[in-house]
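# Geometric and topological summary
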Amino acid sequence: MRDAFANDLTAIGAENEKVVLLSGDIGNRMFDRFKEAAPGRFLNCGVAEANMIGLAAGLAMQGLRPVAYTITPFITMRCLEQIRVDLCYHDLPVILIGVGSGLGYAELGATHHSLEDIACLRALPNMIVTAPADPMEVRAVFRAALKADHPVYMRIGKKGEPNVHQDVPDLELGKGITVRKGTGVCLLSTGVVLPVVLEAADLLVKRGIQPTVVSMPTIKPLDTGLIGSLLPDHPVVATIEEHGLAGGFGSAVGEWWIDSGVTGNRLIRFGSSDSFLTYSKTVPKARAHFGITAEAIADRTANALGDRSAA
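Everything numeric here is computed off the predicted structure, so don't read it as measured data. (Residues numbered from 1 in each chain as written. Predicted model: local features only at pLDDT ≥ 70, side-chain atom pairs only at ≥ 80, totals over all residues. Heavy atoms only, no water.)

One pass over the structure, following the stated rule, counts six aromatic pairs. Geometrically, the ring pair formed by F31 and F42 is tilted, given 6.1 Å between the ring centres and 40° between the ring planes. You can see F31 sitting in the loop between strand 1 (19-23) and helix 2 (32-37) and its partner F42 sitting in strand 2 (residues 42-44), a full 11 residues away along the chain. Relative to W257, the ring of W256 has its centre 6.5 Å away and its plane inclined at 85°; by these criteria the two rings are edge-to-face. Considered together, W256 and W257 belong to a single accessibility category, that of buried residues. (Phe/Tyr/Trp six-rings, centres within 6.5 Å; stacked < 30°, edge-to-face > 60°. Helix = DSSP H or I, 4+ residues; strand = E, 2+ residues; numbered from the N terminus. Buried < 20%, exposed > 50% of the residue type's maximum accessible area, 1.4 Å probe, protein only.)

See below:
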């Protein structure tokens, strides 16, 4: 996903002289092509993320389109006050890219996990929060973000994520993408867990259930119109994310669910529990620790559908 971002950034930066890249002490070699295509528009801000956000705000105020990039917890939690006051309060069109989101850096321990960033940033006025699912969605979301007049946060994977879409989807911020159509169970996925969700869908098919799978690249604003349209044919709806259950994508859906007075459907949420993962694991093992696996998703949703049918 980070390679897809770097490639698109280079192509766009070569044509748009307003695009400026700020890096928090990573990605130097990865952006060599951008530096050649856009000389003088790459700034390595070092391990000074708060200053990087302030610099991005100043550049945006001068009419430029700054893109700030570093490891997810460092571009969110470390400089949350600057994001709130410098970017969101002034409603500046700065794009924040958090790489290795969720458990992408699972092997480096809790300091590099980002399971609270959606909760923090979606609480900020004017902030658009996105989580593309694959390299194709990264390209689509980034291009859409450059057209936005508000701050945009993109949480992306690290490397090696497979393509789910064959081509770059025609995507608008605030809109979901229906990947598979079915009935009974609807699996709402955001971010890099979409391949796991599709694997869960395959397991459900083996049980005689044909689930709908929807990718939600934008968490704020939420595509409530799409979710609402799915409810009549889907008594069970599940949200899946590589983020904490508190305040994340599932919480956003749940808040709308309650405010809209939804009845007759069941909402199930998959994500990390209210605890730190205090030792290093591989990404698959870290997901298994929190129950974010195809088997767990298929089991809980199938059981919930069975309970609804029995009732």
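Spatially, the seven strands line up as an open sheet ordered 2-1-3-4-6-5-10, and their pairing is mixed. Strands with a single pairing partner mark the edges of an open sheet, and in this sheet they are strand 2 and strand 10 (218-220). With strand direction ignored, the average angle separating the axes of adjacent strands in the sheet is 20°. Examined bridge by bridge, strand 1 and strand 3 (residues 65-71) share five bridges and lie parallel to one another. Its bridge partner being in strand 3, L21 is matched across the sheet by V67. (Pairing = 2+ DSSP bridges. Axes fitted to C-alpha atoms, helices over the stretch in contact; angles between N-to-C directions.)

Attention now goes to unusual backbone geometry. In this structure, the amide linkage connecting K220 to the following residue, P221, adopts the cis form with an omega of 0°. Relative to the elements of secondary structure, P221 occurs in the loop between strand 10 and helix 9 (224-230). Even without being a glycine, D25 presents a positive backbone phi close to 70°. Structurally, the position occupied by D25 is in the loop between strand 1 and helix 2. The class for D25 is partly exposed, based on a relative accessible area of 39%. At N126, a position not held by glycine, the phi torsion is positive, near 75°. Note on placement: N126 falls in the loop between helix 6 (117-122) and strand 5 (128-130).

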